[in-house]
Amino acid sequence: MTRDAALKRLNRPLRLTRLGMAAERFTFCFWKAWSVLFAVLAALMMGFHESAPLEAVWAFALIAGGALLWFLFSGLRWFRWPSRAEALARLDQTLPGQPLQALNDAQAIGTGDAASEAVWAAHLERMAARAADARRVKPDLRMARRDPYALRYVALTGLVVALIFGSLWRVASVGQVVAPGGPDALAAGPAWEGWVEPPAYTGKPALYLNDIAAGPLDLPKGSRVSLRFYGEIGVLSLDETVSGRAGTEIEPATSPSQGFDILQAGRLAIRGPGGREWQVSLTADAPPEVSFQGQTTREASGRMSQRFRATDDFGVVGGRAVITADLAATERRHGLAAEPDPREAIALDLPMTISGDRKDFVETLVEDFSRHPWVGLPVTLELSVTDGAGQEGRSEPMRMTLPGRRFFDPLAAALIEQRRDLLWARANGARVAQVIRAVTHRPDEIFRDAGTYLPLRVALRRLEAGNAGPGGLSPEMQEEVAEALWDIATRIEDGDLADAAERLRQAQEKLAEAIRNGATDEEIAQLMDELRRAMQDYMRQLAQQQNQNGQQQLSENMQTITSDQLQQLLDRLQQLMQEGRMAEAQQLLDQLRQMMENMQVAQGQMGQGGMGQGQQAMQGLAEMLRDQQGLSDEAFRDLQEQFNQGQGQGQGQGQGQSPSGEGEQPGAGSLADRQGSLQQRLDALRQALPGAGTEAGDAAREALRRGSEAMGRAGEALEGDDLAGALDNQAEAMEAMREGMRNLGEALAQQQQQGESGQGQQTGRAEDAIPRDPLGRETGSVGRFGTDENLLQENDVYRRARDLLDEIRRRSGERDRPQIELDYLRRLLDRF
């Protein structure tokens, strides 16, 4: 291709590239100007100049006009039309080897030489071929560096919004707004426009007064009226009595732009050519209403629920629930006889519907007042709601007893009552302290463990110290002691016992208390679930702890009870309670309790048989554990006596004197000496412990070594009259002994399995004819009781023996049992 032909083909891409360069320079130079122009057009098309003050319109016009002129001047100053050479250079930069520049070059050397000219011709031909592939260069219109905040897009977006929602006709009205008295306005004659915007809470649309005929006009109170007068000033004027303005608040009636709120019924008139008059009346806006829906319900956890209904013609915006104490209906006796401390009413925000219509809705107020001192006392509940206009509606006061969590354990209920009296009035501090001291006088008969007794004594001391302080009990101390009483009461009520039999007994007592007090269906369901769980745990533990070496001596007439029958019995008990047949429910519960107690006593009647060395060691450990428990009980009673006497140190404690002051028992010795003797017995048994060399046997020796060390520390604490420290060490020693018994039992069970590996098990086909015990096991025949079935899946039979001994000890301490049963239990303790 020749040079001329190649350059001729460049005309089109060169022209397009040149136009693209011109677009680049125009954009770079004038983007600020057209951004200002777009913004001004958007504001005018949206009618901002019609609603803004005249001064603001003039200020905006001056600023926008000045900015537009400056940006136009700056753009014209820097704008240059791209030349052909600049376009060629831009296009040549996109081609490899810059062929356009090569085509315009001339041969500098070698002219006249045929070979050089041939080479030069070949070079031009190659450059012409490359130039033939030239295409237009796209303009670079990226403005990110010059406009980092994208203001041009903001102006463009505003213009698009104005084109959609605005009107081009409003641009033409800018002259009338800026110069309402100009020649054009005079030629067109006077005109006016008006709008009425109802309050936002009504949800009603704005009204255009020009489209509303004269006559009655019904508007909500608080509606905003905006008027614009066009033409010669003074021709049109406003005459109104709906705003209630007076004096200096009133603008000139002929002002071109006016605005006010409708606060009362009256006259709204525009005087002059084309004017109109309306008789404005206020739309009725009734105050909101709220009412209770149904009765107050309380869950078993104490949480209260109360449904309510709220209505308003335009919608409810908020509400409150206020609970106040009804002192007139309160029975002022015992701890409530004192004058109550000032206490603010309970104020709660009412829940509002989220997705529904707030003109008429039903919601539920849910709250837990269990910790409040007014629980169980007469109160009044009043609801109030407000609407968008600030109007308030109230419900009829509901008289009720403030619901909260109920405590069925007698001790927990007593502590909660004293907590209520303490929070009722600080003046009750001395009375509450006396009651708590009376309750804790004999803790071994009331408290099941020291984990709740000792914190209660600490709270009592804090309360007594606060009462004795200057100015009496402080509010801070009042709240601190009340919080401690709540924690102790909930711990007693809920319980934290590992023994399944104790949990079963507690569940039965709670259920019996609920029957006597008339519990709700939810509380009955919760207590029945607790009884079922306790029953299942006890039956599971009873089966797991079955002694496979010794057999039970059960009555031949004892019937078999299956899990299905037990479940039917519990379902029947729950049904009777829910039907209100409390007497029958109580009778059925007593039968269930007697059945379970018979099962426990039968479990405790352990068979006699030959004892080897391991069994003798287990019996010795059991006796030492019982002796250690007795020492711990005596130390606990001595510590309680110290608290009761209010002395820093007890008299005779650590010296073997009993709490009643009767002196030492014959041969008993001091507590410290008896603790040391018990440690020596444990050391001697540990040296002769069987199972040496096995993992379980070594673990048993290690546990007994820790128990011996804990006994030594307990003896030192007893010698120093540190009864609290002695109790901690004794508890550690007993836990170590229990662990040693478990490990020793595992070692003996392993030895027994090795010796019985060849033994089999006989089964019978006539199972229905064989008598069974309450757990479904065969009782044998021909005077032999027991079964050849191995129902146990574990070998921890000695743990079961310890639990049975603990149960016998617990029952022997219940003085309300028949004397013949107590004598029998004592004989069991002496025997085992």
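Up top you'll find the structure we're talking about.
Residues numbered from 1 in each chain as written. Predicted model: local features only at pLDDT ≥ 70, side-chain atom pairs only at ≥ 80, totals over all residues. Heavy atoms only, no water.

Some words on the environment of Ala23
Move 1: Inspection of the secondary structure assignment puts Ala23 in helix α2 (residues 11-45).
Move 2: Taking relative accessible area as the criterion, Ala23 reaches 32% and is therefore assigned partly exposed.
Move 3: In this structure, the C-alpha to C-alpha distance between Ala23 and Pro139, residues 116 residues apart in sequence, is 7.2 Å. (Helix = DSSP H or I, 4+ residues; strand = E, 2+ residues; numbered from the N terminus. Buried < 20%, exposed > 50% of the residue type's maximum accessible area, 1.4 Å probe, protein only.)

Looking at the sheet that holds strand β13 (residues 360-368)
Move 1: Taken in spatial order, the three strands of this open sheet run β9-β10-β13, and their pairing is antiparallel. The open sheet has two edge strands, β9 (289-298) and β13, and neither has a second partner. Across the sheet, the mean angle from the axis of one strand to that of its neighbour is 20°, orientation sign disregarded.
Move 2: Sheet topology note: the strand β10 (residues 303-311)/β13 ladder contains nine bridges and is antiparallel. Along β13, the bridge assignment pairs Gln306 with Leu365. (Pairing = 2+ DSSP bridges. Axes fitted to C-alpha atoms, helices over the stretch in contact; angles between N-to-C directions.)

So, the sheet that holds strand β4 (residues 224-230)
Move 1: The four strands are arranged β2-β1-β4-β6 in an open sheet whose pairing can be described as antiparallel. On the outer flanks of this sheet lie β2 (207-208) and β6 (257-261), each paired with one strand and no other.

Points about the pairing of β4
Move 1: Here β4 lies mainly inside the structure; six of its seven residues are buried.
Move 2: Of the strand pairs in this sheet, strand β1 (residues 191-197) and β4 are connected by seven bridges, and their pairing is antiparallel. What sits directly across from Glu193, in β4, is Arg228.
Move 3: In terms of strand pairing, β4 meets β6 through five bridges, oriented antiparallel. Note that in β6 the partner of Val225 across the bridge is Phe260.

Examining the pairing of β1
Move 1: As judged from the two bridges shared by β1 and β2, these two strands associate in the antiparallel manner. Looking at β2, one finds that Val196 is bridged to Leu207.

Quick notes on α2
Think of an α-helix as turning once every 3.6 residues; residues three or four places apart then point the same way.
Move 1: Over its 35 residues, α2 extends only 44 Å from the first C-alpha to the last, a length that falls short of the 51 Å expected when each residue adds 1.5 Å.
Move 2: At Phe30, α2 shows its largest kink, close to 60°.
Move 3: Taken from the residues just after α2, Gly47 is the one with a positive phi, measuring 80°. (Expected span 1.5 Å × (residues − 1). Bend = angle between axes of the 7 residues up to and from the residue.)

Regarding a nonpolar patch on the surface
Move 1: On the surface, Tyr153, Leu156, Val160, Val161, Leu163, Ile164, Phe165 and Leu168 cluster together into a nonpolar patch covering about 820 Å² of accessible area.
Move 2: In this fold, Leu168 is placed in the loop between α8 (151-165) and α9 (169-172).
Move 3: Of the residues examined, Leu168 reaches a relative accessible area of 60% and is grouped as exposed. (Patch = residues over 30% accessible without salt bridge, like charges linked within 9 Å, V, L, I, M, F, W, Y side chains within 5 Å. Areas by Shrake-Rupley, 256 points an atom, 1.4 Å probe, with all protein chains shown as cover. Salt bridge = Lys/Arg side-chain N within 4 Å of Asp/Glu carboxyl O.)

Some remarks on the packing of α2 against α8
Move 1: α8 packs onto α2 with a crossing angle of 30° between their chain directions and a minimal axis gap of 8 Å. On the basis of their axis angle, the class for α2 and α8 is roughly parallel. For the crossing formed where α2 meets α8, the hand is left-handed. Mapping the contact onto sequence places Trp31, Trp34, Ser35, Phe38, Ala39, Leu41, Ala42 and Met45 in α2 and Arg152, Ala155, Leu156, Gly158, Leu159, Ala162 and Leu163 in α8.
Move 2: Partitioning the contact of α2 with α8 into residue classes produces 12 nonpolar, two polar and one charged. (Parallel < 35°, antiparallel > 145°, perpendicular 65-115°, else oblique. Left-handed = near helix turned anticlockwise from the far one by under 90°. Contact = heavy atoms within 4.5 Å. Nonpolar A, V, L, I, M, F, W, Y, C, P; charged D, E, K, R; others polar.)

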